[in-house]
Amino acid sequence: MADSISLNPVRKNSKRIAYYNTGRHSRYSLEDELTSLDEMPLMMSEEGFEKEESDYQTLPRARVEQARGGLGWFLLGGWKMLCGRCWDCLTHICRRRKEAKARTVWLGCPEKCEEKYPRNAIKNQKYNFLTFVPGVLYQQFKFFLNLYFLVVACSQFVPSLKIGYLYTYWGPLGFVMAVTMVREAVDEVRRYQRDKEMNSQLYSKLTVRGKVQVKSSDIQVGDLIIVEKNQRMPADMIFLRTSEKNGSCFLRTDQLDGETDWKLKVAVLCTQRLPALEDLFSINAYVYAQKPQLDIHSFDGNFTREDSDPPLHESLSIDNTLWASTVVASGTVIGVVIYTGKETRSVLNTSHAKNKVGLLDLELNRLTKALFLAQVLLSVVMIALQGFVGPWFRNLFRFIVLFSYIIPISLRVNLDMGKSAYGWMIMKDEHIPGTVVRTSTIPEELGRLVYLLTDKTGTLTQNEMVFKRLHLGTVSYGTDTMDEIQTHLVRSYAQQAAPSQAPGQPSSAAPSTGTASASTPSRKPVPAGPKVRKSVNSRIHEAVKAVALCHNVTPVYDHSADVATETETAEADQDFSDDNRTYQASSPDEVALVRWTESVGLTLVTRDLSSMQLRSPAGQTLSFLILQVFPFTSESKRMGIILREESTGDITFYMKGADVAMTSIVQYNDWLEEECGNMAREGLRTLVVAKKGLSEEQYQDFESRYSQARLSLHDRALKVVAVVESLEREMELLCVTGVEDQLQADVRPTLELLRNAGIKIWMLTGDKLETATCIAKSSHLVSRSQDVHIFKPVSNRGEAHLELNSFRRKHDCALVISGDSLEVCLRYYEHEFVELACQCPAVVCCRCSPTQKAHIVKLLQQHTDNRTCAIGDGGNDVSMIQAADCGIGIEGKEGKQASLAADFSITQFKHIGRLLMVHGRNSYKRSASLGQFVMHRGMIISTMQAVFSSIFYFASVPLYQGFLMVGYATIYTMFPVFSLVLDQDVKPEMALLYPELYKDLTKGRSLSFKTFLIWVLISVYQGGILMYGALVLFESEFVHVVAISFTALVLTELLMVALTIRTWHWVMVLAELFSLLCYAASLAFLNEYFDLAFIITPAFLWKVSAITGVSCLPLYIIKYLKRKFSPPSYSKLSS
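Residues numbered from 1 in each chain as written. Predicted model: local features only at pLDDT ≥ 70, side-chain atom pairs only at ≥ 80, totals over all residues. Heavy atoms only, no water.

### Points about the overall build of the protein chain
Test applied: The numbering of helices and of strands both runs from the N terminus, where a helix is a DSSP run of H or I of at least 4 residues and a strand a run of E of at least 2. Burial classes: relative accessible area under 20% of the type maximum marks a residue as buried, over 50% as exposed, and values in between as partly exposed (1.4 Å probe, protein chains only). Whether two residues are in contact is decided by their heavy atoms: any pair within 4.5 Å suffices. In this description, accessible areas are obtained by the Shrake-Rupley approach with a 1.4 Å probe, and a residue is regarded as covered only by the protein chains that are shown.
A count of helices and strands for the protein chain gives 39 helices and 33 strands. Split into buried and exposed, the 1135 residues of the protein chain put 54% on the buried side. Excluding contacts between residues fewer than 6 apart, the proportion of contacts in the protein chain whose partners are at least 24 apart in sequence is 73%. Summed over all atoms, the accessible surface of the protein chain reaches about 51,500 Å², with 58% contributed by carbon and sulfur.

### Here's the deal with the sheet that holds strand β28 (residues 787–790)
The condition that has to hold: Each pair of strands is called paired provided DSSP finds at least two bridges between the two strands. Fitted lines through C-alpha atoms give the axes, limited to the stretch in contact for helices. The angle between two N-to-C directions lies from 0 to 180 degrees.
Sheet architecture is open: 9 strands sit in the order β14-β33-β32-β31-β15-β27-β30-β29-β28, paired in mixed fashion. Of all the strands in the sheet, the pair left with one neighbour each is β14 (436–437) and β28. Both strand β32 (residues 886–890) and strand β33 (residues 904–906) contribute to a ladder of 3 bridges, which runs parallel. Among the inter-strand pairings, Ile888 is bridged to a residue of β33, identified as Phe904. With respect to the sheet, helix α24 (residues 797–808) is in contact with β28 and β29 (813–818), its orientation differing from that of β28 by roughly 175 degrees. Lying over the sheet, helix α25 (residues 819–838) contacts β15 (449–454), β27 (760–764), β29 and β30 (842–846), oriented at roughly 155 degrees with respect to β29.

### Some remarks on the packing of aromatic side chains
Basically, it comes down to this: Aromatic pairing here means that ring centres of Phe, Tyr or Trp (its six-membered ring) are within 6.5 Å. Orientation follows from the plane angle: under 30 degrees is stacked, over 60 is edge-to-face, and everything else is tilted. Counting as a charge over the ring demands two things of the Lys NZ or Arg CZ atom: a distance within 6 Å of the ring centre and an angle within 35 degrees of the ring normal.
In the structure shown here, the tally under the stated rule is 29 aromatic pairs. Their ring planes at 90 degrees and their centres at 6.0 Å tell us that Phe630 and Phe702 sit as a pair that is edge-to-face. Of this pair, Phe630 sits in strand β22 (residues 621–630) while Phe702 sits in helix α20 (residues 696–711), placing them 72 residues apart in sequence. Taking 5.6 Å as the distance between ring centres and 80 degrees as the angle between the ring planes, the aromatic pair formed by Phe1094 and Phe1100 counts as edge-to-face. Judged by its relative accessible area of 4%, Phe1100 falls in the buried class. The residue whose ring lies beneath Lys112 is Trp106, and the NZ or CZ to ring-centre distance is 4.4 Å.

### A few points about the sheet that holds strand β5 (residues 236–242)
Strand order in the open sheet formed by 6 strands is β3-β2-β4-β13-β5-β11, with antiparallel pairing between adjacent strands. Each edge of the sheet is formed by a strand with only one pairing partner; in this case those strands are β3 (210–215) and β11 (321–322). Here β5 runs beside strand β13 (residues 333–339); their pairing, made up of 6 bridges, is antiparallel. Its bridge partner lying in β13, Thr242 is registered against Val333.

### As for helix α26 (residues 850–864)
Just so we agree on the cut-off: Any helix carries an expected span of 1.5 Å times its number of residues minus one.
The end-to-end C-alpha distance of α26 is 22 Å, a good match for the 21 Å that 15 residues give at a rise of 1.5 Å each. Within α26, burial applies to Pro850, Thr851, Gln852, Lys853, Ala854, His855, Ile856, Val857, Leu859, Leu860, Gln861 and Thr864. Looking at the residues trailing α26, positive phi occurs at Asp865, about 60 degrees.

### Side note on the packing of helix α34 (residues 1009–1033) against helix α38 (residues 1098–1125)
For any two helices packed against each other, one specifies the crossing angle of their axes together with the interaxial distance. Heads up, the condition is: Note on angle classes: values under 35 degrees are labelled roughly parallel, values over 145 roughly antiparallel, values of 65 to 115 roughly perpendicular, and the remainder oblique. Here a crossing is taken to be left-handed if its near helix is turned anticlockwise relative to the far helix by less than a right angle, and right-handed if that turn runs clockwise. For this scheme, ten residues count as nonpolar: Ala, Val, Leu, Ile, Met, Phe, Trp, Tyr, Cys and Pro. Four count as charged, namely Asp, Glu, Lys and Arg, and the remainder, Gly too, count as polar.
At a minimum axis distance of 10 Å, the contact between α34 and α38 shows a crossing angle of 160 degrees. Overall, the two elements α34 and α38 adopt an arrangement that is roughly antiparallel. The two elements α34 and α38 meet at a crossing, and its hand is right-handed. In this structure, α34 contributes Ile1018, Tyr1021, Gln1022, Ile1025, Leu1026, Gly1029, Ala1030 and Leu1033 to the contact, and α38 contributes Trp1102, Lys1103, Ile1107, Val1110, Ser1111, Cys1112, Pro1114 and Leu1115. Looking at the contact of α34 with α38 residue by residue, the classes come out as 12 nonpolar, 3 polar and 1 charged.

### With respect to the pattern of salt bridges
Test applied: Only one rule defines a salt bridge in this text: a Lys or Arg side-chain nitrogen within 4 Å of an Asp or Glu carboxyl oxygen.
Within the structure shown, the criterion is met by 31 salt bridges. For Lys419, the salt bridge goes to Asp361, with nearest N and O atoms at 2.6 Å. Here Lys419 is found in helix α12 (residues 410–428), whereas its partner Asp361 is found in helix α10 (residues 359–386), with 58 residues between them in sequence. Judged by relative accessible area, Asp361 falls into the buried class, the value being 12%. A salt bridge links Asp985 to Arg921; its shortest N-O distance comes to 2.8 Å. You can see Asp985 sitting in the loop between α31 (974–978) and α32 (988–993) and its partner Arg921 sitting in helix α29 (residues 911–951), a full 64 residues away along the chain. Judged by its relative accessible area of 7%, Asp985 is buried. Among the residues examined, Arg921 registers a relative accessible area of 5% and is labelled buried. A single network of salt bridges, built from pairs that share partners, joins Asp361, Arg412, Asp416 and Lys419.

### Topic: the packing of helix α15 (residues 536–549) against helix α17 (residues 588–599)
Put simply, α15 and α17 touch, their axes get as near as 9 Å, and they point 135 degrees apart. In terms of orientation, α15 and α17 fall into the oblique class. Here α15 and α17 pass one another in a crossing that is left-handed. Contacts between α15 and α17 involve Val544, Val547 and Ala548 from the first element and Leu593, Trp596 and Thr597 from the second. Taken together, the residues that form the contact of α15 with α17 break down as 5 nonpolar, 1 polar and no charged.

### Examining the pairing of strand β6 (residues 248–252)
Along β6, 4 of the 5 residues are buried, which leaves the element largely enclosed by surrounding structure. With 5 bridges connecting them, β6 and strand β7 (residues 262–266) associate as antiparallel partners. For Ser248, the partnering residue across the bridge sits in β7 and is Val266. Across 2 bridges, the pairing between β6 and strand β12 (residues 327–328) is antiparallel. For Arg252, the partnering residue across the bridge sits in β12 and is Val327.

### Some words on the side chain of Glu1053
Quick note on the threshold: In this charge count, Lys and Arg are treated as positive and Asp and Glu as negative; neither His nor the chain ends contribute. Counted as a polar contact is a pair of N or O atoms within 3.5 Å, where, for protein atoms, one must be capable of donating a hydrogen and the other of accepting one, and residues adjacent in sequence contribute only when both atoms are in side chains.
Structurally, Glu1053 can be placed in helix α35 (residues 1038–1060). Buried within the structure, Glu1053 lacks any salt-bridge partner; Arg937 is the closest side chain of opposite charge, at an N-O distance of 5.3 Å. Separated by 3.1 Å, the side chains of Glu1053 and His936 make a polar contact. Filtering out sequence-adjacent residues up to four positions away, Glu1053 remains in contact with Phe933, His936, Arg937, Ile940, Tyr968 and Thr973.

### Quick notes on the nonpolar core
Formally: Residues grouped as a nonpolar core are buried Ala, Val, Leu, Ile, Met, Phe, Trp, Tyr and Cys residues, joined through side-chain atoms within 4.5 Å.
Grouped together as the largest cluster of nonpolar side chains are 91 residues, with contacts concentrated most on Ile888, Phe904, Ile912, Leu915 and Leu916. If one sorts the elements of this core by residue count, α29 sits on top with 12 residues.

### Topic: the pairing of strand β21 (residues 611–615)
Of all 5 residues making up β21, 5 are buried, and the element is well covered by its neighbours. Where burial is concerned, the two faces of β21 agree: the one with Ser611, Gln613 and Arg615 and the one with Met612 and Leu614 are both buried. Sheet analysis places strand β20 (residues 603–607) next to β21, joined by 4 bridges and oriented antiparallel. Bridge pairing in β21 links Thr606 to Gln613.

### Quick word on empty space enclosed by the protein
To keep things clear, this is the line we draw: The pocket and cavity definitions rest on a 1 Å grid over protein atoms only: a 1.4 Å probe that fits but cannot leave marks a cavity, an open set with protein on both sides within 12 Å along at least five of seven lines marks a pocket, and residues lining either have an atom within 4 Å of a point. Grid points are joined across faces, edges and corners, and a volume is the space filled by probe spheres set on the points.
Following the criterion strictly, the structure yields 9 cavities of 30 Å³ or more and no others. One number sums up the size of the largest cavity: a volume of about 180 Å³. Among the secondary structure elements, those contributing two or more residues to the lining of the largest cavity are α6 (167–199), α11 (392–402) and α29. Ranked by the residues each element gives to the lining of the largest cavity, the list is headed by α29, at 3 residues.

### A look at the environment of Ile226
Within the secondary structure, Ile226 sits in strand β4 (residues 224–227). Each residue touching Ile226, except ones within four places of it in the same chain, is listed here: Tyr203, Ser204, Leu206, Lys211, Gln231, Leu277, Thr332, Val333 and Ile334.

### Focus: the environment of Ile334
Considering the arrangement of structural elements, one finds Ile334 in strand β13. For Ile334, a relative accessible area of 6% puts it in the buried group. C-alpha separation for the pair Ile334 and Ile238, spaced 96 residues apart in sequence, amounts to 8.5 Å. Apart from residues lying up to four places away in sequence, Ile334 is in contact with Ile225, Ile226, Ile238, Phe239, Leu240, Arg241, Leu277 and Leu280.

### Structural notes on α29
Side chains three or four residues apart in an α-helix point the same way, a direct result of the helix having 3.6 residues per turn. The cut-off we apply is this: By definition, a residue's bend is the angle between the axes fitted to the seven residues ending there and the seven starting there.
Taking 1.5 Å per residue as the helical rise, α29 with its 41 residues ought to reach 60 Å, and the 59 Å between its terminal C-alpha atoms agrees with that figure. Along α29, the largest kink reaches about 30 degrees and is centred on His919. Where burial is concerned, most of α29 is hidden: 39 out of the 41 residues are buried. Within two residues after α29, Tyr953 carries a phi angle of roughly 60 degrees, on the positive side.

Structure below.
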């Protein structure tokens, strides 16, 4: 059923172009005769499209490239981009690997491989023993803040630059580095243990001497591997044999493509027919496989057996493959390994995890650069006022070191500890149980998101299909009237039971039975059918029977191996119990339909490749021979099956599909389109079911033409479709079914909450277009009143150009686009497409591969500069989660792969509302306040140092030395400042009730150059008041200046913390009192710095109180006036 998504498209008159070229800013670089289309501006009519190409001289992408040129671009960051590109080129040259090629793999003979292939080992570690320390140090010191601290600390080894004690500089820096290394080491050990667990899984390898156990990491290309039920595929393999008699098995592919539908795989016919397993070594055979590719939905290869005469050749397709990371759902399979390790499809579609850095960290990094420039400028001013006398250059460096507290090292420590506290609060929140913070460095990102990219299956939906509606045209049955269907069905089969004892005699009840209606076409009475009004019993019987037969579902029994023969009805009934039966299918819709027919009395008992059996409400077994099956494809949007009923010999062609495909196939009616629209508006997935009776002559004629078409060497697909379509005419419309894909709990209110918060939601799914559109409407991702623009399939530049013009004319409509159309648009009109899509209230991308999902995330990051969040629950979402600025994984039915790779792991989609609105808000607001306050703490003491030096003849002498500086940054002020991590401006209930408050966070107003400058002015004012006040009031003793100014400084900081707090917590009060007591107690031990006799005098107390009052009182007055006359939005809600 899966559509083939070409990741390496081939166009006429052009070379094959790699779609994913990660080394370039523009993803595509194409040369062909259609390049002039790039010069056409969008918003042209079709007439304009036909004009001369020379009329259009402007190229949007060229304008972007031109904007990159020039000195301004180079100085504002272009140099960094150029350096990055040079580094990428050097890395590419050093790491250049041998290009992967197509290969010939001999069965069970790894030694015959012509080339050396990668080891089949999983490795997610970032470092090894040699690169750990250099790697961690590089990751830390690539930030200006940490590099600055390192340079300042190293300068203290130079005697002429030494200002204070070494421990005052190296102690904090060493502590930060030690904590970072321990944290990275713990994470690295965990990654190593997870990898070791996966690589140590044991598998049975088939050899000439029998079965041997091998580790997953020791598997090689050419090995024959046996995989048991519920076991993971260790590598990419070709399916050779299975324990299932029908030569097929089901795979769970949720960790690869995100779909929980089981995929049917077929063994190679030549090897499946071998009498015994050991015979695989008695034949001389090989597999020719294409080179490793990204596309998980296609495969081209051949199987050749050379020891037969003539040699046997069998073509291989995606149906014969067993990709790594999939799980066997039925039976035991044997496969030959063709790709290992880094060449497997799952690894190729997984991007490497990057070290994520929060936007707040980048903003603080920019502010520290500004502070450094201010520090250098202040030092130059001091030297200039000094007159550049003496060794001024050395003095300049001494001043730089002297003012180094303007960028406090405690900034990094406080922020890291704050992030850990936020993570702990998130995990302890009882409203979102089971939430795990796996990346503790970016909790503030939760408060800055603009785009949310979500998976569909298992994220928005439970992937549990429930049958909701059966519509027969004149009557509709819902969940509350299903018992009526059961009653009608029982009555119909009861009427059929009496004449069935004399099958040769017709009866009056015959028209109401499915058997009679199926046999009528052979007597050519079909045109008279619509004229006879069938009974309700007959119509329900035919509809339910068609639903029970037209599918690709297989019933599976855990203990069915004990059954001797399927024809022994009594024994079959005994083993084929309803409790022991599970259904396997490629589509959950089909499973829901078959489960529904079972609930109303018509049960699918057995099925293989050639037959199926139903059990009627009366317990009778109805046997059917499967003559032909026409599988569902995205192009046809329908599936069909031709069956022969064994008891009567009647041949019937059943078909079901989407209403758009079936409308032209069924006989004329006046209700189909309207009812399908009504059911779709209810969020139901609709299928139209129809049938057509065939005579023996009609079927034989069809089979002859069908066989010829399938053997055709030219245009085989078109000829097969044409033959099948010859049957699809004037079919009898039986019913319309409505199935609901149940949404996750509270998905609708959560999506509405996120939309009101200004977050744009994009749904990226590997599912079909119709399904994705249906879920987008039922989940209210797209509101009922909103138009939906379904982007038509495009395959070249011209089609993409016209379709983009058509889309641009739409206003305020949601966009639905498929993965292959998206690929074409991005190849030619990347910038224009992203600009248009970003204006949509919602975007749905269907049939997306894992790599395409990650590419869409990167496009949004490049073109919008906004923060992105990706949420998913399957292995196919890992690349998207790792590429996003913030990745959220859901622990669900599809395993833990996504949640383990994510930055945050939640158990339900609805938890994302509280995670963003409450914890994201608090983390960002608190970190912004904490970061700016710590910088204020450094700037105020640097201002005091500048005032002190300027008064005392610009001497580069420190105002406070030794323990005073260490104590100021730690025990005297650390606890109250750090208690800001408990502050909140809005209660959680208010943040959830008014999600519009979240919009202010995305504008970054809590930490900006404006707020930073306000803190700079406050620091300059308070530092000047404290220093000048102490100098004015001191009694000709320098030690008194230190005592008065330092005590006033500590009290000012404690009062400023109280001024900054918006909601008091008992811990904050405790921290303030504790710091004050610690300072008062330490005065007795600071004889070296303070005159204890002076400290206990009333003069000291009033002088300190006066200076502190002058420095803080105006700020309290300004805050009161501001809150009274210009209150922030959140304070209005609180009041």
